[in-house]
Amino acid sequence: EVSIIVWEDRRNNPNAGDVYGQFVTMEGGISNEFDIAICDELSPQIKPRVKASPNGAHIVWEDKRNGISDIYAQFVTFENGAEWDEDGIPICSSEGTQDQPRLTTDSSGGAYYVWMDERYGSYPETEIFLQHLNVQGSASFESNGISVSSASQYQFNPLVRSDGSNGALVVWGDMRSGSIGLYAQHLSSSLSSISFEENGREFYFGIDGNGKGAKSLYLGNNENLLYWEDHRLGVMANLTYGQKIYSGWENIQEPNGVKLSNNSYQTNPSVEKLGENLFLGFG
């Protein structure tokens, strides 16, 4: 068994980063003699991210080979290295800026990609788009992706997670109503329909800049934990709030989340599933 690490690398040009990777064994050994050039195209590549499955690893980054920021990706395997086109394939090269990509693998070796998109207008008219690629690099949706939310005003910081059944849950921050809310959308395993309302469903509203860093953790059994760093009691009283999302939860639970810890100052919360329990860590 091996893991893969990716990073932004400026060995070839101090002013323009490339994307490199390395396979590492579970014992901590390096699996191949030289690290892998995921993308060393001459223009800047920044902010690489990686998600792996038994089939291989999907890597996504911001890429300026076309003059503005686009989204590119590559698929690598331990046996063959880069499987797609040299220097990656475009997830989105539409007009305007595309940035802040995130990804998750599905249960068939493919991956979902989400990003912030300014094809319809520059900030604050920023939207959330999504694309799905199978293990061969073929897109499931139209070129340059489909809109997850094209509501007015600012949508930002999207995250995507597998729902465990080949579908995906996308969550993002949203200022369509003035204050900051947390919105989500679910895509079915058939990739042919969405589960919530067009442009997403509001799950939390009125953060007013006091909630940040929303994260999502799939719990199994069609349940998901949405959690975030919360400043509702003031900037010097950071708390961690969360909400378990499942079918019908909104008819049972109070809105605005549940406080997950009473410590007076918490930063960068992270939750991991350990068997039947959840482990919450924070600064």
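See the structure printed just above.
From a predicted model like this one, the values you see are computed outputs, not experimental measurements. (Residues numbered from 1 in each chain as written. Predicted model: local features only at pLDDT ≥ 70, side-chain atom pairs only at ≥ 80, totals over all residues. Heavy atoms only, no water.)

Trainee: Break down the pairing of strand β18 (residues 223-230) for me, citing the residues and quoting the values.
Mentor: Across the 8 residues that make up β18, a large majority, 7, are buried. Pairing of strand β17 (residues 211-220) with β18, which is carried by 7 bridges, proceeds in the antiparallel orientation. The residue bridging L217 from the neighbouring strand is L225, located in β18. Linking two consecutive strands that pair antiparallel, namely β17 and β18, is a turn of 2 residues; a positive phi of about 55° is found at N221 within it. The sheet contact formed by β18 and strand β19 (residues 239-245) spans 7 bridges and is antiparallel. What sits directly across from D230, in β19, is L239. (Buried < 20%, exposed > 50% of the residue type's maximum accessible area, 1.4 Å probe, protein only. Helix = DSSP H or I, 4+ residues; strand = E, 2+ residues; numbered from the N terminus. Pairing = 2+ DSSP bridges.)

Trainee: Describe the packing of aromatic side chains, and please don't skip the residues or the numbers.
Mentor: One pass over the full model with this rule turns up 9 aromatic pairs. On the basis of an interplanar angle of 20° and a centroid distance of 5.7 Å, the ring pair of F203 and W249 is categorised as stacked. You can see F203 sitting in strand β16 (residues 201-205) and its partner W249 sitting in the loop between β19 and β20 (258-259), a full 46 residues away along the chain. Using a relative accessible area of 7% as the deciding quantity, one classes W249 as buried. Ring-pair connections join several aromatic residues into one group, and the members of that group are Y123, Y154 and F156. Sitting over the ring of Y72, R65 keeps its end group 3.8 Å from the ring centre. The aromatic ring of Y183 is capped on one face by R176, whose charged end is 3.9 Å from the ring centroid. (Phe/Tyr/Trp six-rings, centres within 6.5 Å; stacked < 30°, edge-to-face > 60°. Lys NZ or Arg CZ within 6 Å of the ring centre and 35° of its normal.)

Trainee: Run through the nonpolar core, naming residues and quoting values.
Mentor: Where a protein is soluble and globular, its nonpolar side chains tend to be buried together. Ranked by internal contacts, the top residues of the largest apolar core, which has 16 residues, are I128, L130, V148, V160, V170 and W172. Within the residue set of this core, elements represented by two or more residues are β10 (111-117), β11 (127-133), β13 (155-162), β14 (168-177) and β15 (179-187). Excluding anything up to four places from it in sequence, L130 contacts Y112, Y113, V114, W115, F141, G145, I146, V148, V170 and L187. Counting residues in hydrophobic clusters, the runner-up holds 15 residues, among them L182, Y204, L226 and Y241. (Core = buried A, V, L, I, M, F, W, Y, C linked by side-chain atoms within 4.5 Å. Contact = heavy atoms within 4.5 Å.)

Trainee: Give a description of empty space enclosed by the protein that names residues and reports values.
Mentor: By the definition in use, this model includes 2 cavities of 30 Å³ or more. The computed volume of the largest cavity comes to approximately 70 Å³. Lining the largest cavity we find L169, V171, A184, F203, S216, N224, L226 and I245. Among the elements of the structure, β14 and β18 are those that each provide at least two residues to the lining of the largest cavity. In this model, the second largest cavity occupies a volume close to 40 Å³. Taken together, F203, Y204, L226, W228, Q243, I245, W249, N256 and G257 make up the full set of residues lining the second largest cavity. Contributing elements (two or more residues each) for the lining of the second largest cavity: β16, β18 and β19. Class assignment of the residues belonging to the lining of the second largest cavity gives a composition of 6 nonpolar, 3 polar and no charged. (1 Å grid on protein atoms, 1.4 Å probe; cavity = no way out; pocket = protein on both sides within 12 Å on 5 of 7 lines; lining within 4 Å. Points joined across faces, edges and corners; volume = space filled by probe spheres on them. Nonpolar A, V, L, I, M, F, W, Y, C, P; charged D, E, K, R; others polar.)

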